[in-house]
Amino acid sequence: MDRLKKYRKILDEYLKYRASLKLGNSPELRAHLVIDREKDEYLLLWVGWTDIKYHHGLMFHFQIIDGKIWIHENRTDIDIVEVLTEKGVPKSDIVLGFVAPYLREREKMAV
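Definitions and cut-offs
- Residues numbered from 1 in each chain as written.
- Predicted model: local features only at pLDDT ≥ 70, side-chain atom pairs only at ≥ 80, totals over all residues.
- Heavy atoms only, no water.
- Pairing = 2+ DSSP bridges.
- Helix = DSSP H or I, 4+ residues; strand = E, 2+ residues; numbered from the N terminus.
- Axes fitted to C-alpha atoms, helices over the stretch in contact; angles between N-to-C directions.
- Phe/Tyr/Trp six-rings, centres within 6.5 Å; stacked < 30°, edge-to-face > 60°.
- Buried < 20%, exposed > 50% of the residue type's maximum accessible area, 1.4 Å probe, protein only.
- Contact = heavy atoms within 4.5 Å.
- Polar contact = N/O pair within 3.5 Å; in protein donor to acceptor, adjacent residues only side chain to side chain.

Engineer: Which parts of the structure should I look at to understand the sheet that holds strand S5 (residues 94-96)?
Structural biologist: Strands in a sheet are paired, the pairing made by backbone hydrogen bonds, and the direction either parallel or antiparallel. The five strands are arranged S1-S2-S3-S4-S5 in an open sheet whose pairing can be described as mixed. Edge positions in the open sheet fall to strand S1 (30-36) and S5, since each of these has one partner strand only. Taken over all neighbouring pairs, the strand axes of this sheet differ in orientation by 20° on average, direction set aside. Relative to strand S3 (residues 53-65), strand S2 (residues 41-50) runs antiparallel, the two being bridged by 10 bridges. Bridge pairing in S3 links Val47 to His56.

Engineer: Even after reading the chapter, I still don't get the packing of aromatic side chains, so can you show me in this structure?
Structural biologist: Counted according to the given criterion, the structure contains three aromatic pairs. When the centroid spacing of 5.9 Å and the interplanar angle of 70° are considered together, the rings of Tyr14 and Phe60 count as edge-to-face. Linking Tyr14 in helix H1 (residues 3-20) with Phe60 in strand S3, this pair joins segments that are 46 residues apart in sequence. Residue classification places Phe60 among the buried positions, given a relative accessible area of 0%. With 5.6 Å between their ring centres and 15° between their planes, Phe60 and Phe62 make a pair best called stacked. In this structure an aromatic cluster arises from ring pairing among Tyr14, Phe60 and Phe62.

Engineer: Any chance you could explain the environment of Ile10 here in plain terms?
Structural biologist: Position of Ile10 among the secondary structure elements: in helix H1. Sequence separation between Ile10 and Ser20 is 10 residues; the distance between their C-alpha atoms is 16 Å. Residue contacts for Ile10: discarding those within four places in its chain leaves Leu84, Lys87 and Val89.

Engineer: I would appreciate a short explanation of the side chain of Asp93 in the present structure.
Structural biologist: Relative to the elements of secondary structure, Asp93 occurs in the loop between helix H2 (80-86) and S5. Relative accessible area serves as the criterion here: at 8%, Asp93 is assigned to the buried category. Polar side-chain contacts of Asp93 include one of 3.1 Å to the side chain of Arg3. In this structure Asp93 touches Arg3, Tyr7, Gly67, Lys68 and Ile69, once residues within four positions along its chain are discounted.

The structure is reproduced here in structure tokens:
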């Protein structure tokens, strides 16, 4: 399997797994998994009502750009880089899109 297909499969499977779980503090919220295969964009949202409050929130946002997995959002305490590396994605193919580019470069130099 080529690298791009492998990364797509990893993101598909991981987000489908996360979408199958209920949120412990808000089990009535529903998962909405959005996958755009043309743009290689992957989002997991939680939507619904708890009592009288409406929720619409982004949990994960990934994108595959130039053969690398970009993490644009991770609103969990999960170390998603560790999850992806355990699934076979090298750290060199993971980009923290929410970290300023100059800080990403500094991290590379420190390693």
